[in-house]
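Listed below, chain by chain, are the residues.
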Amino acid sequence: MNNLSTTPNQEITAKARKSLRGKWALVVGATLVVCILNLVLQKVSLVGPVILLIISGPISLGFITLYLNLCRNNKAEFSHIFSGFNHFVTALSAKLLISVIVFLWSLLLIIPGIIAAYAYCLTFYIIHDDPSISPIEAMQKSKMLMEGNKLKAFYLSCRFIGWAILAILTSGIALLWLAPYIGISFATFYEDIKQDYNELKDEETDTLIC
């Protein structure tokens, strides 16, 4: 099944900016709170980094919830960044599995590690849409949806290089705006792929019925 994304990346980022209109205070505030939490936990001896690792999956899923609600024009609230704790085991397991797999591929060469990261980059979006799915199933579906789309996702990432340089020049302050911009852009990217995939499934089903 061919589920290639055909929407230009320029249009994807434009849609992301549209979703962010009037919502910058919300996403920047949410990003700031989590950044402060990360900094505090990193200072707490050995316990802090362990806690940070444990909550990283649920927090990631929480931000995906916030981003998807914004790009779908649904109600978005600050509390959504903690909604991932409702699916704590699934989120944590997915985060650990992805981290281990990407790390192992990176031991071979940098490029295989990058390819693996892009292959599984939709995992948390899939978990959000189907909380009953297992981490491995979500990763497998992400890999399937990203088949043929990894290079496009890489080019999408490259569109934020200028922002990344700005973040460095501002001692990371611009990251408060960059992180949600990237997050909602990839949420829009996911919506594009998912829509094409669902349309193709419907067409195949109609063909089989005929």
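Focus on the state of the cysteines
Line of reasoning, step 1. Applying the stated rule across the entire model yields 0 disulfides.
Line of reasoning, step 2. The thiol sulfur of Cys-71 is not disulfide-bonded, and the nearest other cysteine sulfur, from Cys-121, lies at 14 Å.
Line of reasoning, step 3. For Cys-71, a relative accessible area of 17% puts it in the buried group.
Line of reasoning, step 4. The cysteine Cys-121 is free of any disulfide, with Cys-158 supplying the nearest cysteine sulfur at 14 Å.

Considering the packing of helix α4 (residues 88-108) against helix α7 (residues 135-145)
The relative placement of two packed helices comes down to the angle between their axes together with the axis-to-axis distance.
Line of reasoning, step 1. Between α4 and α7, the least distance of the axes is 9 Å, while the angle of their chain directions is 55°. Considering their axes alone, α4 and α7 lie oblique with respect to each other. Every pair of crossing elements has a handedness; the one defined by α4 and α7 is right-handed. Contacts between α4 and α7 pair Thr-90, Ser-93, Ala-94, Leu-97, Ile-98 and Ile-101 from the former with Pro-135, Ile-136 and Met-139 from the latter.
Line of reasoning, step 2. Residue composition of the contact of α4 with α7, grouped by class: 7 nonpolar, 2 polar and no charged.

So, a positive patch on the surface
Line of reasoning, step 1. A cluster of like positive charges, contributed by Arg-17, Lys-18, Arg-21 and Arg-159, occupies part of the molecular surface.
Line of reasoning, step 2. When you line up the elements, Arg-21 lands in the loop between α1 (9-20) and α2 (24-42).

Quick word on the pattern of salt bridges
Line of reasoning, step 1. This structure, assessed with the given rule, holds 6 salt bridges.
Line of reasoning, step 2. The residue Arg-72 makes a salt bridge to Asp-129 at a minimum N-O spacing of 2.9 Å. Of the two residues, Arg-72 is situated in the loop between α3 (47-71) and α4 and Asp-129 in helix α6 (residues 123-129); the sequence distance between them amounts to 57 residues.
Line of reasoning, step 3. According to the relative accessible area criterion, Arg-72 is partly exposed, its value standing at 22%.
Line of reasoning, step 4. According to the relative accessible area criterion, Asp-129 is partly exposed, its value standing at 32%.
Line of reasoning, step 5. Here Glu-191 and Lys-194 are joined by a salt bridge, their closest N and O atoms 3.5 Å apart. Of this pair, Glu-191 and Lys-194 both sit in helix α10 (residues 175-209), 3 residues apart, which is roughly one turn of that helix.
Line of reasoning, step 6. Judged by relative accessible area, which is 22%, Lys-194 ranks as partly exposed.
Line of reasoning, step 7. Through salt bridges that share partners, Arg-72, Asp-129, Glu-191 and Lys-194 make up one connected network.

Focus on the layout of surface pockets
Line of reasoning, step 1. Considered as a void within the structure, the largest pocket measures approximately 930 Å³ in volume.
Line of reasoning, step 2. Among the elements of the structure, α2, α3, α4, α5 (110-119), α6 and α10 are those that each provide at least two residues to the lining of the largest pocket.
Line of reasoning, step 3. Sort the elements by how many residues they give to the lining of the largest pocket and α3 lands first, with 9 residues.
Line of reasoning, step 4. Looking at the lining of the largest pocket, its residues break down into 22 nonpolar, 6 polar and 1 charged.
Line of reasoning, step 5. Looking at the second largest pocket, its volume works out to about 360 Å³.
Line of reasoning, step 6. Put simply, the parts of the chain that give the lining of the second largest pocket at least two residues each are α1, α3 and α10.
Line of reasoning, step 7. The dominant element in the lining of the second largest pocket, judged by the number of residues it contributes, is α10, at 5 residues.
Line of reasoning, step 8. Within the lining of the second largest pocket, the residues separate by chemical class into 3 nonpolar, 6 polar and 7 charged.

What about α3?
Line of reasoning, step 1. In this model, α3 (25 residues) spans 36 Å end to end at C-alpha, consistent with the 36 Å of a helix rising 1.5 Å per residue.
Line of reasoning, step 2. With 18 of its 25 residues buried, α3 lies for the most part within the structure.
Line of reasoning, step 3. Phi turns positive one or two residues past the end of α3, at Asn-73, with a value near 60°.

Reading the values: rules and limits
Residues numbered from 1 in each chain as written. Predicted model: local features only at pLDDT ≥ 70, side-chain atom pairs only at ≥ 80, totals over all residues. Heavy atoms only, no water. Disulfide = S-S within 2.5 Å. Buried < 20%, exposed > 50% of the residue type's maximum accessible area, 1.4 Å probe, protein only. Axes fitted to C-alpha atoms, helices over the stretch in contact; angles between N-to-C directions. Helix = DSSP H or I, 4+ residues; strand = E, 2+ residues; numbered from the N terminus. Parallel < 35°, antiparallel > 145°, perpendicular 65-115°, else oblique. Left-handed = near helix turned anticlockwise from the far one by under 90°. Contact = heavy atoms within 4.5 Å. Nonpolar A, V, L, I, M, F, W, Y, C, P; charged D, E, K, R; others polar. Patch = residues over 30% accessible without salt bridge, like charges linked within 9 Å, V, L, I, M, F, W, Y side chains within 5 Å. Areas by Shrake-Rupley, 256 points an atom, 1.4 Å probe, with all protein chains shown as cover. Salt bridge = Lys/Arg side-chain N within 4 Å of Asp/Glu carboxyl O. Lys, Arg positive; Asp, Glu negative; His and termini not counted. Charge placed at Lys NZ, Arg CZ, Asp CG, Glu CD. 1 Å grid on protein atoms, 1.4 Å probe; cavity = no way out; pocket = protein on both sides within 12 Å on 5 of 7 lines; lining within 4 Å. Points joined across faces, edges and corners; volume = space filled by probe spheres on them. Expected span 1.5 Å × (residues − 1).

No statement about biological role is implied by the geometric values presented.
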